[in-house]
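Reading the structure
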Amino acid sequence: MDLFKLREQFSQEGIMMCFNGPFSHSIIEEIGIAIRNHLAAEDTSRMAVQDVFGVYIEMTQNARNYLVSRDIHAGEAGSATIVIAKQGESYAVTSGNLIRTEDIADLGARIDQINSLDRDGLKKRIRQQLHKEVPPGALGAGIGLMEIAKRAVAKLEYSIRNIDGHYAFFTLTVLV
């Protein structure tokens, strides 16, 4: 592997940080600290730092929780990827992980529904969701993607690449 070429590619694409591997709580925390420090050193506004950090935390926790809840943990399958890049005046936070093919339709429909809402509609939907009872075994109130969308400056972008009929690779990109 030519690390110099990889570094050059990262520079050309504005990539500030990239991680590929299993997300543990400690890895999520350490990368989060590194992101905050890096953005602060670049004299990024406090609000932008909070938005990038908040989106990063939600995305990595969503990936980790999904992989654990669906018992996808062996080797590459249990790994996820996170990339943070500077794109003009915005930051792109992108995550990717395997999902089971049976979850594709629901996930796509949830993101499409979130993307169909304006800012006020999104806030209203979050309030409605918070008033619902959390189902047994749920890992949260079900507002993670909505909270991500609330911080975004554009619609959530996603892609799903079929791998083998059982799994697909889900990629989510958020501009903040």
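In what follows, the structure referred to is the one given above.
Here the residue numbers are simple positions, counted from 1 along each chain's written sequence. Per-residue local features of the predicted model are confined to residues with pLDDT of at least 70, and side-chain atom pairs are confined, for both listing and counting, to 80 or more; whole-chain, interface and lining totals are unaffected and use all residues. Where side-chain values are given, they derive from all heavy atoms of the structure, hydrogens and water being excluded.

Points about the sheet that holds strand 5 (residues 167–175)
Strands sit in the order 1-2-3-5-4 across an open sheet of five strands; the sheet is antiparallel. The two strands at the open ends of the sheet, each matched to only one other strand, are strand 1 (15–21) and strand 4 (157–162). Direction aside, neighbouring strands of the sheet carry axes that sit 15 degrees apart on average. For two strands to be treated as a pair, DSSP must find no fewer than two bridges joining them. Put simply, DSSP marks the helices as runs of H or I at least four residues long and the strands as runs of E at least two long, and each gets a number from the N terminus on. Note: strand 3 (residues 90–100) against strand 5, nine bridges, orientation antiparallel. Residue pairing across strands places Ala92 opposite Leu175, the latter belonging to strand 5. Lying over the sheet, helix 2 (residues 25–41) contacts strand 1, strand 2 (80–87) and strand 3, oriented at roughly 175 degrees with respect to strand 1. Between N-to-C directions, angles span 0 to 180 degrees; the directions come from axes that are lines fitted to C-alpha atoms, helices contributing only their stretch in contact. We call two residues in contact whenever any of their non-hydrogen atoms come within 4.5 Å of each other.

A closer look at the pattern of salt bridges
Note on definitions: salt bridges are taken to be side-chain nitrogens of Lys or Arg within 4 Å of carboxyl oxygens of Asp or Glu. Taken as a whole and assessed by the stated rule, the structure comprises five salt bridges. A salt bridge links Asp51 to Arg151; the nearest nitrogen and oxygen atoms lie 3.0 Å apart. Here the residue Asp51 occupies a position in helix 3 (residues 46–69), and Arg151 occupies one in helix 6 (residues 144–151), the gap between them amounting to 100 residues. Per-residue accessibility, obtained with a 1.4 Å probe over protein chains only, is compared with the maximum for each type, and a residue is labelled buried under 20%, exposed over 50%, and partly exposed between these values. A relative accessible area of 15% means that Asp51 is categorised as buried. On the basis of relative accessibility, which here comes to 31%, the residue Arg151 falls in the partly exposed class.

With respect to helix 2
Every helix has an expected span of 1.5 Å times one less than the residues it contains. In this model, helix 2 (17 residues) spans 24 Å end to end at C-alpha, consistent with the 24 Å of a helix rising 1.5 Å per residue. The complete set of buried residues in helix 2 reads Ile28, Ile31, Gly32, Ile35 and Leu39. In a view along the axis of helix 2, the buried residues occupy a sector of 110 degrees, so they form one face of it. Facing away from the buried side of helix 2 by more than 90 degrees, the exposed set consists of Glu29, Glu30, Asn37, Ala40 and Ala41. The directions considered for the arc run from the helix axis to the C-beta atoms.

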